[in-house]
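Residues per chain, in single letters:
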Amino acid sequence: LLSAEPSVSTPRLNMSPDLQQLFQAELRELLLGTQRIAGALPIANWDGIADSAMAMRNSYILEQKLTTAQRHDLEQLPEQFKAFDEAFHHRAEKLEHAAKAKDAEAVSFHFSRLLDTCVACHSTYAKTKFPNFRPEAGAEHRH
């Protein structure tokens, strides 16, 4: 997902202030959800994980009632950004189903992949907010 080469420029997300506020509110809720899931997973709190994952899935901004101007702004966002957002919410749905099935391995997998979508999006579109995603000069990509 992450490139070892420093990017020439960070893609810009041009949002109106009110759409940006909606996204920021959604992101705050998603952060809380990931924190709740991280605490619930080691104790097998399947209902808590399913509830948090469902709330994360349902927070999908593309499914909210938006003004015409907000919808226009949203349509202008880069396709890659919209794909990251859609993938996140799709992964939250898979996480919810795994938790309802009480499948610890699947829950761990889907939670990890959910976080991968956060990292991919933030390292692409939020380098200013999260500067540690900026690759160091000459840095190598390793696992």
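Residues numbered from 1 in each chain as written. Predicted model: local features only at pLDDT ≥ 70, side-chain atom pairs only at ≥ 80, totals over all residues. Heavy atoms only, no water.

### Considerations on the overall build of the chain
A count of helices and strands for the chain gives five helices and zero strands. N-terminal to C-terminal, the α/β element order of the chain is α-α-α-α-α. Out of the 143 residues in the chain, the part that is buried amounts to 35%. Of the contacts made within the chain by residues no fewer than 6 positions apart, 71% connect residues no fewer than 24 positions apart. Accessible surface, the chain as shown: approximately 9,200 Å² in total, 53% of it carbon and sulfur. (Helix = DSSP H or I, 4+ residues; strand = E, 2+ residues; numbered from the N terminus. Buried < 20%, exposed > 50% of the residue type's maximum accessible area, 1.4 Å probe, protein only. Contact = heavy atoms within 4.5 Å. Areas by Shrake-Rupley, 256 points an atom, 1.4 Å probe, with all protein chains shown as cover.)

### So, unusual backbone geometry
If a residue is not glycine, its phi is most likely negative; likewise, a peptide bond is most likely trans. Look at Ala44: it is not a glycine, yet its phi comes out positive at around 55°. By relative accessible area, Ala44 is classed as partly exposed at 38%. We note that Lys102 has phi near 55°; this positive angle belongs to a residue other than glycine.

### Concerning the side chain of Ser52
With respect to the element layout, Ser52 can be found in helix α2 (residues 46-58). Note on Ser52: relative accessible area 6%, which makes it buried.

### Looking at the confidence of the model for the chain
In this model, the chain carries a mean pLDDT of 84, and residues with pLDDT of at least 70 account for 83%. Confidence drops under pLDDT 50 across residues 1-8; counting only partners more than four residues distant or on other chains, this segment forms 10 contacts. (pLDDT = per-residue confidence, 0-100.)

### Some details on helix α5 (residues 104-125)
The end-to-end C-alpha separation of α5 is 32 Å, in line with the 32 Å expected for 22 residues at 1.5 Å each. Among the residues of α5, Ala106, Val107, His110, Phe111, Leu114, Thr117, Cys118, Ala120, Cys121, Ser123, Thr124 and Tyr125 are the ones counted as buried. Lining the buried residues of α5 we find α1 (17-40), α2 and α4 (79-100). (Expected span 1.5 Å × (residues − 1).)

### So, the packing of α4 against α5
Closest axis-to-axis distance for the α4/α5 pair is 9 Å, and the angle between their directions is 165°. Regarding the angle of α4 to α5, the classification is roughly antiparallel. For the element pair α4 and α5, the recorded crossing hand is left-handed. Looking at the contact of α4 with α5, its residues break down into 17 nonpolar, four polar and three charged. (Axes fitted to C-alpha atoms, helices over the stretch in contact; angles between N-to-C directions. Parallel < 35°, antiparallel > 145°, perpendicular 65-115°, else oblique. Left-handed = near helix turned anticlockwise from the far one by under 90°. Nonpolar A, V, L, I, M, F, W, Y, C, P; charged D, E, K, R; others polar.)

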